[in-house]
Amino acid sequence: MNSFRLRRVAGLLLVGSLAVTACSSAADTASGGKVVLSVNGQPPQTQAFERKIFDEDVAEFEAANPDIDIQPHEGFMDPKTFSAKLAGGQLEDVFYAYFTDPAQLIARRQAADITDHVKDLPHYTEIRQELRDVFAKDGKVFGVPTANYSMGLLYNRKLFQQAGLNPDTPPKTWDEVKEAAKKITALGDNKVGFAEYSKNNQGGWHFTAWMYSVGGKIARQDGDKWVADFDNDKGRQVLQHLKDMRWRDGTMGEKQLLVIEDVQQMMGAGQLGMYLAAPDNVPTIVNQFKGDYADYGLTGIPDGKGTLIGGEGYMINPKATPEKIKAGLKWIGWKYLNPDRFDKNLKRYKDQGQPIGLPVPPVADIWTGDVKAKQTELKVANATVPVQNFKSYVDSTPAGLIEPPNAQQVYAILDNVVQAVLTDRDADPATLLADAEAKVNPVLAQVK
Amino acid sequence: MRRRVAENLTAYGFLSAALLCFAVFSWYPIVRGVVLGFQQVDFVAAPTWVGWENFERLFADPLFAVAWRNTLLFTVLALVFGFAVPFLLAVVLNELRHFKAYFRLVVYLPVMLPPVVAALVWKWLYDPGPGLLNTALRGLGLDGPGWLDDTSTSMLSLVLVATWANLGTATLVYLAALQSIPGELYEAAELDGAGVLRRLWHVTVPQTRFVLLVLLLLQVVATMQVFTEPYVMTGGGPQDSTVTVLLLLYRYAFYYNDFGTASALSLLLLLVLGAFTALYLRVTRRADA
């Protein structure tokens, strides 16, 4: 605790402030007449396999497109440094964005309008419409989705067996989750039946998933305005359910204010029975904790009336020239949206002992029609993990709903609601929701 | 006069590099921060002047008052613990006859631990389930509190971590002050029949009064900028009970990307800290005089 902290923040603000005077980034064309294109999304050196695949792709793309010089940069979207990079002229020409961010980036004019260029992107119209909509506004396109997830229930098959539950018939409703959690907790030795996040906006994020699962919403459009829509029976039902599991059943452990890493660690250590998660959590847990794919199962979100979908895509620097936009879309299309390379990609992953068959990249579930059929067929033919463990997730068909507008600010407020029921035995769901709605409405009123 | 400037020219030369660094990395950000507080920026188009709009937005945010109240609570608690404990520890260390160096090292060790590491270690200690503290309490047949998970104990739990982490520095400063007290004063007091407590009250406290006051002001300035502990350990929860001013500032800047409002808040914090710094300067100047 010293003045260094204030100075550090001031320093960060300075980097941001440089925007005022910053000029555009490097020249558009190199001396050889090539379009120089900086892109991010290059995996770090520590992820040797993913890095190798990425670098090979860059080399192959450049060989096929001698007029484009790709300059890869490590890293993905970091909201903490995004503005500073944009301000300092350091933002890549092609940059990664989570589904939570495009709406605000578009509103702040921080992404290029690519409507006229996207027509030339092969297979663009075969991407699921609701995913394309995340990157569009008023008929204009500002980015392209490249991967998505939908929330399901991740569970520990070993603990299910130990608790006398059948891991091949995982819970389908929240009531069944509650019962399963009791049996797992009854194993003792600090086993936790079910865990939930409640910090760093992740509580609000998962509350949204809970609301969707029971057919509820977080926000709805009222004319041309957005208003909060969770202070109702469904909201109270969700909170009461969480409260019951935490305090009446005692199946959510003692420690709260958890974030995703805490919960993954609990799952990896074999201490946790179930939690809400996207499929990409499975390889993360297996890799970090030297686990086995056979020990984990994934099923559709309980109750299944809807599920939160999220994901990622790429957008283009608002300062990019038309040439760069064209080259950027060529790269995105070739690297991330290329059905002709499905087979090759799967084989590369398989040859290196990477898991094939999980509902995660290299075969992201963003497609419709023939492309989707082709992808599914290839995935099944090349599977290396017990696909049946994830079958009930793949077979579940809840409606995919995107995140509410101004998601991060809304989540920050909803964090409190989840924290309250998980940390205060006397918390009153009705009061909490009414209070949160009063705070969320002004945030939604800012949505244009 | 000219001779005096010429004599100092070499010194100014050496100083210039440091001054340049200060100007670029310290003073310019502060000035820009002040300007940003009255602007709205999207880092694409030119910034727009919005007058007091950012401040109005802050005052309308229900978390604004909460953050100041929490920061004040943290500061008061941190002073109660962070001020009294190191002083008493220094008095005890000063009385030691053996293993002096060893105990000084032990007291100073936590300072060497990176703050984030310390916070993570304490997060585990506080775990109400298998955490060390509650496991020990259960061993004694007691029910431990929720520590970080309970609104009534969350802030106190953070204060304990901060106090523990900064104990060493304050203790060493007090110890240095104690050792500068002439031994004759104690001898005279002893001859007059003063016991330990009376010696402490009539000799130690008056002799270290100035150091105590300076450290008090420095601690106010430092504790009002608390960030690492709430950021790493609670994220501001449960139920906003540990949202501090700096944490709110961070949220505005990096969660909402609203650098204008973040700068406005930093400006307000700067004003408050400026008042304490002015007081500190007055106190030290009076002592120098």
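Residues numbered from 1 in each chain as written. Chains lettered and ligands numbered in written order. Predicted model: local features only at pLDDT ≥ 70, side-chain atom pairs only at ≥ 80, totals over all residues. Heavy atoms only, no water.

Chain B is annotated in an unreviewed UniProt entry as Carbohydrate ABC transporter membrane protein 1 (CUT1 family) of Saccharothrix variisporea. UniProt, in its Subcellular location (unreviewed entry) section for chain B, records the words "Cell membrane". (UniProt positions renumbered as here; feature names shortened; annotations may be inferred.)

Per an unreviewed UniProt entry, chain A goes by Carbohydrate ABC transporter substrate-binding protein (CUT1 family) and derives from Saccharothrix variisporea.

S.K.: Explain the overall build of chain B residue by residue, including any values.
M.R.: Counting its regular elements, chain B contains 13 helices and 2 strands. Across its three principal directions, the C-alpha atoms of chain B cover 75 × 75 × 30 Å. When burial is assessed residue by residue, chain B has 46% of its 289 residues classed as buried. For chain B, the proportion of contacts with a sequence separation of at least 24, taken over those separated by at least 6, is 65%. Carbon and sulfur atoms provide 70% of the accessible area of chain B, an area that totals close to 15,400 Å². Separation of charge centres in chain B, based on 18 positive and 18 negative side chains, amounts to 11 Å. (Helix = DSSP H or I, 4+ residues; strand = E, 2+ residues; numbered from the N terminus. Buried < 20%, exposed > 50% of the residue type's maximum accessible area, 1.4 Å probe, protein only. Contact = heavy atoms within 4.5 Å. Areas by Shrake-Rupley, 256 points an atom, 1.4 Å probe, with all protein chains shown as cover. Lys, Arg positive; Asp, Glu negative; His and termini not counted. Charge placed at Lys NZ, Arg CZ, Asp CG, Glu CD.)

S.K.: Tell me what's going on with the layout of surface pockets, and back it up with residues and numbers.
M.R.: Roughly 1,600 Å³ of internal volume is contained in the second largest pocket. Taken together, 48 residues line the second largest pocket, and the ones lying closest to its centre are Ala-103, Gln-104, Ala-107, Asn-406 and Val-447 of chain A. Every element with two or more residues in the lining of the second largest pocket is listed here: α4 (102–107), α6 (129–134), β4 (136–137), β9 (219–222), β14 (400–401) and α17 (407–423) of chain A together with α13 (259–288) of chain B. With 5 residues, the top contributor of residues to the lining of the second largest pocket is α4 of chain A. A breakdown of the residues in the lining of the second largest pocket according to their chemical character gives 21 nonpolar, 13 polar and 14 charged. (1 Å grid on protein atoms, 1.4 Å probe; cavity = no way out; pocket = protein on both sides within 12 Å on 5 of 7 lines; lining within 4 Å. Points joined across faces, edges and corners; volume = space filled by probe spheres on them. Nonpolar A, V, L, I, M, F, W, Y, C, P; charged D, E, K, R; others polar.)

S.K.: An account of the packing of helix α11 (residues 260–268) of chain A against helix α12 (residues 281–288) of chain A is requested, with residue identities and associated values reported.
M.R.: Residue and element names in this part refer to chain A. Following both chains from N to C, one finds α11 and α12 inclined at 60°, their axes separated by 10 Å at the closest point. Taken as axis vectors, α11 and α12 run oblique relative to one another. Crossing of α11 over α12 shows right-handed handedness. Contacts from Ile-260, Gln-264, Met-267 and Gly-268 in α11 reach Asn-281, Thr-284 and Ile-285 in α12. By residue class, the composition of the contact of α11 with α12 is 3 nonpolar, 4 polar and no charged. (Axes fitted to C-alpha atoms, helices over the stretch in contact; angles between N-to-C directions. Parallel < 35°, antiparallel > 145°, perpendicular 65-115°, else oblique. Left-handed = near helix turned anticlockwise from the far one by under 90°.)

S.K.: Account for the nonpolar core, naming residues and giving values.
M.R.: One finds Val-144, Met-315 and Trp-331 of chain A to be the most contacted residues of the largest nonpolar core, which totals 91 residues. Take this core: its biggest share by element is 9 residues, from helix α12 (residues 245–255) of chain B. Sequence-distant contacts of Met-315 of chain A, defined by excluding residues within four places in its chain, comprise Asp-93, Val-94, Phe-95, Ala-97, Pro-102, Leu-105, Ile-106, Ala-111, Phe-135, Phe-142 and Gly-143 of chain A. Counting 74 residues, the second-largest nonpolar core is a separate cluster that includes Tyr-149, Ile-260, Val-418 and Ala-436 of chain A. (Core = buried A, V, L, I, M, F, W, Y, C linked by side-chain atoms within 4.5 Å.)

S.K.: With reference to specific residues and values, describe helix α9 (residues 202–213) of chain A.
M.R.: Residues and elements named next belong to chain A. The first and last C-alpha atoms of α9 sit 17 Å apart over 12 residues, in line with the 16 Å expected at 1.5 Å per residue. Among the 12 residues in α9, 12 count as buried, and that is most of the element. Listing the buried residues of α9 in full gives Gln-202, Gly-203, Gly-204, Trp-205, His-206, Phe-207, Thr-208, Ala-209, Trp-210, Met-211, Tyr-212 and Ser-213. Within two residues after α9, Gly-215 carries a phi angle of roughly 90°, on the positive side. (Expected span 1.5 Å × (residues − 1).)

S.K.: Explain the interface of chain B and chain A to me, using residue names and the numbers behind them.
M.R.: Contacts between the two partners involve 54 residues from chain B, matched on the other side by 47 residues from chain A. For the chain B face of the interface with chain A, the top three residues by lost area are Phe-43, Gln-239 and Phe-254 of chain B, together amounting to 16%. Linking chain B to chain A there are 2 salt bridges. Among the salt bridges present, the one from Arg-109 of chain A reaches Asp-42 of chain B, with a minimum N-O distance of 2.4 Å. On inspection of chain B and its partner chain A, the count reaches 8 residue pairs in polar contact (both at pLDDT 80 or more). Elements supplying a minimum of two residues to the side of chain B that touches chain A: α1 (2–36), α3 (62–95), α5 (115–126), α7 (154–179), α10 (209–223), α11 (228–234), α12 and α13 of chain B. Partitioned by chemical class, the residues of the side of chain B that touches chain A number 33 nonpolar, 13 polar and 8 charged. (Buried area = accessible area lost by both parts, 1.4 Å probe. Salt bridge = Lys/Arg side-chain N within 4 Å of Asp/Glu carboxyl O. Polar contact = N/O pair within 3.5 Å; in protein donor to acceptor, adjacent residues only side chain to side chain.)

S.K.: Got a sec to walk through the confidence of the model for chain A? Specific residues and values, please.
M.R.: Residues and elements named next belong to chain A. Chain-level pLDDT for chain A is 88 on average; 92% of the residues reach the 70-or-more range. When mean pLDDT is compared element by element in chain A, helix α8 (residues 174–185) scores highest at 98, while helix α1 (residues 3–17) scores lowest at 41. Note on residues 1–28: pLDDT is under 50 here. Beyond four places in sequence and across chains, it has 61 contacts. (pLDDT = per-residue confidence, 0-100.)

S.K.: So what about the sheet that holds strand β7 (residues 152–156) of chain A? Which residues, and what values?
M.R.: Paired through backbone hydrogen bonds, the strands of a sheet run either parallel or antiparallel to each other. Residue and element names in this part refer to chain A. Read across the sheet, 4 strands follow the order β8-β11-β7-β12 without closing on themselves; strand pairing throughout is mixed. Lying at the two open borders of the sheet, with one neighbouring strand each, are β8 (192–194) and β12 (296–300). Direction aside, the axes of adjacent strands within the sheet are offset by 25° on average. In this sheet, β12 lies alongside β7 in antiparallel orientation, the contact comprising 5 bridges. Within β12, the residue paired with Leu-153 across the bridge is Thr-299. (Pairing = 2+ DSSP bridges.)

S.K.: A description of empty space enclosed by the protein should follow, citing residues and the corresponding values.
M.R.: Evaluated as defined, the whole model comprises 3 cavities of 30 Å³ or more. Quantified by volume, the largest cavity comes out at close to 90 Å³. When grouped by side-chain class, the residues that make up the lining of the largest cavity number 6 nonpolar, 2 polar and 4 charged. Counted as a void, the second largest cavity has a volume near 60 Å³. Around the second largest cavity sit Asn-200, Asn-201, Ala-412, Asp-415, Asn-416 and Gln-419 of chain A together with Gly-235, Gly-236, Gly-237, Asp-240, Arg-251 and Tyr-255 of chain B, which together line it. For the lining of the second largest cavity, the secondary-structure elements that each account for two or more residues are α17 of chain A together with α12 of chain B. At 4 residues, α17 of chain A tops the list of elements feeding residues into the lining of the second largest cavity. Across the lining of the second largest cavity, the residue classes tally to 2 nonpolar, 7 polar and 3 charged.

S.K.: Just give me the short version of the environment of Asp-222 of chain A, but keep the residues and values in it.
M.R.: Relative to the helices and strands, Asp-222 of chain A is located in strand β9. With 102 residues separating them in the primary sequence, Asp-222 of chain A and Lys-324 of chain A have C-alpha atoms 39 Å apart.

S.K.: Describe the domain arrangement of chain A, listing the residues and the values that go with them.
M.R.: Residue and element names in this part refer to chain A. Along its sequence, chain A is organised into domain 1 (3–149 + 309–394) and domain 2 (152–306 + 405–444). For domain 1 and domain 2, the distance between their C-alpha centroids amounts to 29 Å. The partner domain 2 presents 21 residues to the 13 residues of domain 1 that form the contact. Summed over both sides, the interface of domain 1 with domain 2 buries roughly 1,400 Å², with 65% coming from carbon and sulfur. (Domains from an automatic or database assignment.)

S.K.: Lay out the side chain of Glu-196 of chain A in plain terms, naming residues and giving numbers.
M.R.: Residues and elements named next belong to chain A. On the secondary structure map, Glu-196 appears in the loop between β8 and α9. Buried charged residue Glu-196 carries no salt bridge. Nearest counter-charge: Arg-246, at 12 Å. Of the polar contacts made by the side chain of Glu-196, one reaches the side chain of His-206; its length is 2.5 Å. Dropping the residues within four chain positions of it, Glu-196 is found in contact with His-206, Trp-210, Leu-242, Met-252, Gln-256, Leu-258, Leu-276 and Leu-422.

S.K.: Help me get a handle on the UniProt feature "transmembrane region" (unreviewed entry) in chain B, residues and values and all.
M.R.: Residues and elements named next belong to chain B. The UniProt entry lists residues 12–30, 72–93, 105–125, 155–177, 208–227 and 259–281 under the feature "transmembrane region" (unreviewed entry), expressed in the numbering used here. The span residues 155–177 is 100% helix and 0% strand, and its two end C-alpha atoms sit 31 Å from each other. From the first C-alpha to the last, residues 208–227 spans 30 Å; its make-up is 75% helix and 0% strand.

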